[in-house]
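Overview (structure and organization)
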Amino acid sequence: MALNLDVFMWNRQLECMRRDELEALQLARLRGVLERLQARVPFYRDKLRAAGVTADSVKTAADLARLPFTGKGDLRDNYPYGLFAVELSELKRLHASSGTRGKPTLVGYTAADLEAWAEVCARSLAAAGVRPGDILHNSYGYGLFTGGLGIHYGAEKLGAVVVPASGGKTSQQATLLQDLGARVLCATPSYALNLAFTLDEMGIRAEQLKLEVGIFGAEPWTEELRAQIEQQLRITALDIYGLSEVMGPGVSMECREAREGLHIWEDHFLAEIVDPRSGEPLPPGEEGELVFTNLCKEGLPLLRYRTGDVSALIAEPCRCGRTMMRMRRVRGRLDDMLIIRGVNVYPSEIERELLRIDGLSPHYQLVVDRQRALDTLDVQIEVTEELIARWGRIENGGLELTRLTDRVVFLLRQTMGLTARVTLLAPRSLTRSDGKAVRVIDRRSASAGQSGGGQ
Ligand code: DLL
């Protein structure tokens, strides 16, 4: 593909590398990682020995499938430092995953790791159209979560001016956005909505802001939510993906030229899609579980880490000119999949249907429960301000409210075969997120003495 010199890239040489060169680089790096793991991490030494793999025996990409997987459980079992490949004194920083399920997973970075992380974040920001000198308002949480500091150092490396807002104090953030004139907003998509709502409440119109670009990730979201955010904030919204275990934000990023799939920075992360049940690798285009192998990390390099995220690889070249393979927008996490009366559904699929209905806002929550051995779903969603402006209060919605509720029930059944109870709420009824939104409340473990999930 011809070089597209109009597209701004942070590291054109690497981002547009020939595929055969990239694959040779990956293989050489993979061998280096295997050597270090064999020498330094007893957990991997044992696993590799059991699998009969040595660094020298890995000769082609197909040999990857012979390597053992790593799961979140392995990190937990070896908590805190058991899987680290360097002495603690060689580390510069520790982070931890959000830990919504059980103990947090701890990750550590050497100076070179922090440098590599800033590099992939700088590439990601540049792919979104961030330029040196841009003011970048960073609403990802600063702290153990990787979002805040990860983006922060990438943005500084690129030469942007960072406003380290972190999460929370939303009205103060709205004022800062207006006063400081940020061109770029980095946040979870749900927090971006929260900010948009607050700006509106404060009477600050999108036209009064200088915002042009939004870089949103850390939780599943849909094209429909993208359209809502873009319309409310009058920006171009792009998807960024990452996870603490593998690095943090900046594992992959959409380019603004195509906005179709996220480029994986493959010189750092070797990506696979596997069948979640059998673990067998799947070809590009097929949906399955994302698996990553670190190629450059020193502190905590992981082999074939099973992310639990559902996506597919896109091997076709991208019109931006980058040769790095793309992954489809993440549909959801395997463990977030709901099974309601035999229908398998991810929260993001419900979101997509809900946002197509006039009169509904993007603020929703799914409450799953179990009654008489059957899982039930209650979709709770706020109506728009416009409806409330007409009705005065939600209770005064009368026939219109009933009709809208019936319409949602009908559409969920018709398009997804989903039987759900629907509760429409007044704006501001649901708790707003300062970071990752809690979309699903699972009451099943509390009811009938059953354990959660079940299926
Ligand atoms: O969420 C890192 C991050 C920060 C990514 C800021 C993007 C922006 P963790 O807290 O370890 O790290 O959570 C990782 O979040 O396995 C996915 O399930 C989910 N996730 C992250 N980005 C996306 C995305 C950060 N763009 C977990 N779309 C991952 C869907 C995402 N899910």
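Preceding this section is the structure that the text describes.
Calculation criteria
- Residues numbered from 1 in each chain as written.
- Predicted model: local features only at pLDDT ≥ 70, side-chain atom pairs only at ≥ 80, totals over all residues.
- Heavy atoms only, no water.
- Helix = DSSP H or I, 4+ residues; strand = E, 2+ residues; numbered from the N terminus.
- Rg over C-alpha atoms; globule rule 2.2 N^0.38 Å.
- Buried < 20%, exposed > 50% of the residue type's maximum accessible area, 1.4 Å probe, protein only.
- Areas by Shrake-Rupley, 256 points an atom, 1.4 Å probe, with all protein chains shown as cover.
- Pairing = 2+ DSSP bridges.
- Axes fitted to C-alpha atoms, helices over the stretch in contact; angles between N-to-C directions.
- Contact = heavy atoms within 4.5 Å.
- Phe/Tyr/Trp six-rings, centres within 6.5 Å; stacked < 30°, edge-to-face > 60°.
- Lys NZ or Arg CZ within 6 Å of the ring centre and 35° of its normal.
- 1 Å grid on protein atoms, 1.4 Å probe; cavity = no way out; pocket = protein on both sides within 12 Å on 5 of 7 lines; lining within 4 Å.
- Points joined across faces, edges and corners; volume = space filled by probe spheres on them.
- Nonpolar A, V, L, I, M, F, W, Y, C, P; charged D, E, K, R; others polar.
- Domains from an automatic or database assignment.
- Salt bridge = Lys/Arg side-chain N within 4 Å of Asp/Glu carboxyl O.
- Near = heavy atom within 4 Å.
- Polar contact = N/O pair within 3.5 Å; in protein donor to acceptor, adjacent residues only side chain to side chain.

**Concerning the overall build of the protein**
Assigned secondary structure in the protein consists of 12 helices and 21 strands. Its C-alpha atoms give the protein a radius of gyration of 23 Å, within 12% of the compact-globule value 23 Å for 455 residues. Summarising its shape, the C-alpha atoms of the protein cover approximately 70 × 55 × 45 Å along the three principal directions. Expressed as a percentage of the 455 residues in the protein, the buried residues total 56%. Accessible area for the protein stands at about 19500 Å²; split by element, carbon and sulfur atoms hold 49% of it.

**Considering the sheet that holds strand β20 (residues 421-425)**
Within the open sheet, the 4 strands sit side by side as β20-β19-β18-β21. Their pairing is mixed. In the strand order of this sheet, the two ends are held by β20 and β21 (440-442), each with one partner. Taking each pair of neighbouring strands and ignoring which way they run, the sheet shows an average axis angle of 20°. Both strand β19 (residues 374-383) and β20 contribute to a ladder of 5 bridges, which runs parallel. Within the sheet, the bridge partner assigned to Q380 lies in β20 and is T423. Against the sheet, helix α12 (residues 398-416) touches β18 (360-371), β19 and β20, its axis set at about 140° to β20.

**Quick notes on the packing of aromatic side chains**
Applying the stated criterion across every chain, the model contains 5 aromatic pairs. Residues F43 and Y44 carry aromatic rings whose centres are separated by 5.0 Å and whose planes lie at 75° to one another, so their mutual orientation is edge-to-face. When its relative accessible area of 16% is taken as the criterion, F43 is described as buried. Note on Y241 and F292: the rings are 6.2 Å apart at their centroids and 35° apart in plane angle, and the pair reads as tilted. With a gap of 51 residues between them, Y241 in strand β7 (residues 236-243) and F292 in strand β11 (residues 288-294) connect regions that are remote in the sequence. Here F292 falls in the buried class, since its relative accessible area comes to 0%. Stacked on the ring of Y109, the Lys or Arg K297 has its end atom at 5.6 Å from the ring centre. Here the guanidinium or amino end of R306 rests over the ring plane of F69, the centre of that ring lying 4.6 Å away.

**As for the pairing of strand β10 (residues 269-274)**
A regular strand carries its side chains on alternate faces of the sheet. Summarising burial for β10: 6 of the 6 residues are buried, a large majority. Neither face of β10 is open: one carries F269, A271 and I273, the other L270, E272 and V274, and all of them are buried. Bridge count for β10 against β11 is 6 bridges, and the pairing is antiparallel. Following the sheet pairing, F269 is matched in β11 by N294.

**Examining the layout of surface pockets**
One simple way to see leftover space: roll a probe sized like a water molecule over the atoms. Of the volumes computed, that of the second largest pocket is approximately 640 Å³. Those elements giving two or more residues to the lining of the second largest pocket turn out to be α8 (189-201), α9 (223-233), β18, β19 and α11 (385-391). Residue composition of the lining of the second largest pocket, by class: 14 nonpolar, 7 polar and 8 charged. Residues lining the lining of the second largest pocket come from more than one domain, with at least three contributed by each of domain 1 (1-333) and domain 2 (337-454).

**Structural notes on the pattern of salt bridges**
A complete count under the given rule lists 38 salt bridges for this structure. When the shortest N-O distance is used, the salt bridge between K72 and E245 registers 2.6 Å. Remark: E245 occurs in the loop between β7 and β8 (248-254) and K72 occurs in helix α4 (residues 72-77); sequence separation between them is 173 residues. Close ionic contact of E230 with R259 constitutes a salt bridge, the shortest N to O distance being 2.5 Å. One end of the pair, E230, is in helix α9; the other, R259, is in the loop between β8 and β9 (262-264), with 29 residues separating them in the sequence. Residue R259 is classed as partly exposed on the basis of its relative accessible area, which comes to 27%. Connected through salt bridges with shared partners, the residues E223, R226, D239, E254 and R329 form a single ionic network.

**Observations concerning the site of the ligand**
The immediate surroundings of the ligand are formed by 22 residues, with D239, I240, S244, D309 and K436 found nearest. E219 places a main-chain nitrogen or oxygen 3.3 Å from a nitrogen atom of the ligand. Take R333: an N or O atom from its side chain is 3.3 Å from an oxygen atom of the ligand. Mapped by element, the contributors of at least two residues to the shell around the ligand are α6 (146-158) and β7.

**Some points on the pairing of strand β6 (residues 213-217)**
Most of β6 sits out of view: 5 of its 5 residues are buried. Alternating residues of β6 divide into V213, I215 and G217 and G214 and F216, and every residue in both groups is buried. In the sheet, strand β5 (residues 184-187) pairs with β6 via 4 bridges, with the strands oriented parallel. If you follow V184 over to β6, its bridge partner there is V213.

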